[in-house]
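So you can see what is in the structure, the chains are spelled out below.
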Amino acid sequence: KAGVTQTPRYLIKTRGQQVTLSCSPISGHRSVSWYQQTPGQGLQFLFEYFSETQRNKGNFPGRFSGRQFSNSRSEMNVSTLELGDSALYLCASSIAQGTTEAFFGQGTRLTVV
Amino acid sequence: GESVGLHLPTLSVQEGDNSIINCAYSNSASDYFIWYKQESGKGPQFIIDIRSNMDKRQGQRVTVLLNKTVKHLSLQIAATQPGDSAVYFCAENGNTGKLIFGQGTTLQVKP
């Protein structure tokens, strides 16, 4: 069974650009959550999708958005990139929403210059 | 407020010794906790979880202890190996549907 797949692994963007990251969850998992990891702030929750609907949202500005498709794959988008958006973006998949085991992908390393 | 913290940023142990990594949480409504291991360049790897109706849960070489009275969580690793060197995170998933992570403890295993 394949694990959580995130693409691309690395990205370099310039300030003001926008970026789209992709996450394919474990087969059969319907919940996808996104996290931002930085050395200073640690792992911070962005949002969770279940059955194509955003179920939960963290404290991030509206520049951060996401969506989930009918096959449970998810994308997150960051518009008008800022230097502070440089981070490792992690996707986690779970069978269901809420208190269940969450399995992470390798992450996408985004660098904004 | 919601916060999960670890007591020590770095823990150094001798190979073969037992390791204990501690975590304090503040949300008394939390009913589910997870320990993750993150190696350099990789995403967090699920180690073990525990629900609030349990005090202890054992896995392969790992044990998680939960003390709800003092809101404390610990991860014990038996016979620590060089491959255990990583950053360890505790996380709580209370009634909010999202994981709240601690800052992480770096475990260094000396040969």
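Think of each chain on its own: its residues are numbered from 1, step by step along the sequence as written. The naming scheme follows written order: chains are lettered A onward, ligands numbered 1 onward. Reporting in this predicted model follows two pLDDT cut-offs: at least 70 for local features of residues, and 80 or more for side-chain atom pairs to be given and counted; totals over whole chains, interfaces and linings ignore these cut-offs and use all residues. Excluded from the side-chain calculations are hydrogens and water; all other atoms, namely the structure's heavy atoms, are used.

**Some thoughts on the sheet that holds strand E8 (residues 74-78) of chain A**
All names here are of chain A.
Turning to step 1, where the next piece is worked out: In short, DSSP must find at least two bridges between two strands for them to pair. Numbering of helices and strands runs from the N terminus; a helix is a DSSP stretch of H or I covering at least four residues, while a strand is a stretch of E covering at least two. Taken together, 4 strands build an open sheet; the order of strands is E1-E3-E8-E7 and the sheet is antiparallel. A single partner strand is all that each edge strand has here, and the edge strands are strand E1 (5-7) and strand E7 (64-68). Ignoring strand direction, the axes of neighbouring strands in this sheet form an average angle of 20°. All axes are obtained by fitting lines to C-alpha atoms, using only the stretch in contact for helices, and the reported angles, taken between N-to-C directions, cover 0 to 180 degrees.

**Points about the interface of chain A and chain B**
Turning to step 1, where the next piece is worked out: The contact criterion used throughout is that any non-hydrogen atoms of two residues lie within 4.5 Å. Counting residues at the interface gives 21 residues for chain A and 21 residues for chain B.
Turning to step 2, where the next piece is worked out: Across the chain A to chain B interface the summed buried area is about 1,600 Å²; carbon plus sulfur atoms make up 50%.
Turning to step 3, where the next piece is worked out: Pairing of N or O atoms within 3.5 Å defines a polar contact, subject to two protein rules: one partner must be a possible hydrogen donor and the other a possible acceptor, and residues neighboring in sequence count only if both atoms are side-chain atoms. On the surface where chain A and chain B come into contact, there are 5 residue pairs in polar contact (both at pLDDT 80 or more).
Turning to step 4, where the next piece is worked out: With 4 residues, strand E5 (residues 42-50) of chain A is the single largest residue contributor to the side of chain A that touches chain B.
Turning to step 5, where the next piece is worked out: When residue character is reported, Ala, Val, Leu, Ile, Met, Phe, Trp, Tyr, Cys and Pro are called nonpolar, Asp, Glu, Lys and Arg charged, and the others, Gly included, polar. Residues that form the side of chain A that touches chain B fall into these classes: 8 nonpolar, 10 polar and 3 charged. For any pair of parts, buried area is found by adding up, for both, the accessible area (1.4 Å probe) each one loses once the two are put together.

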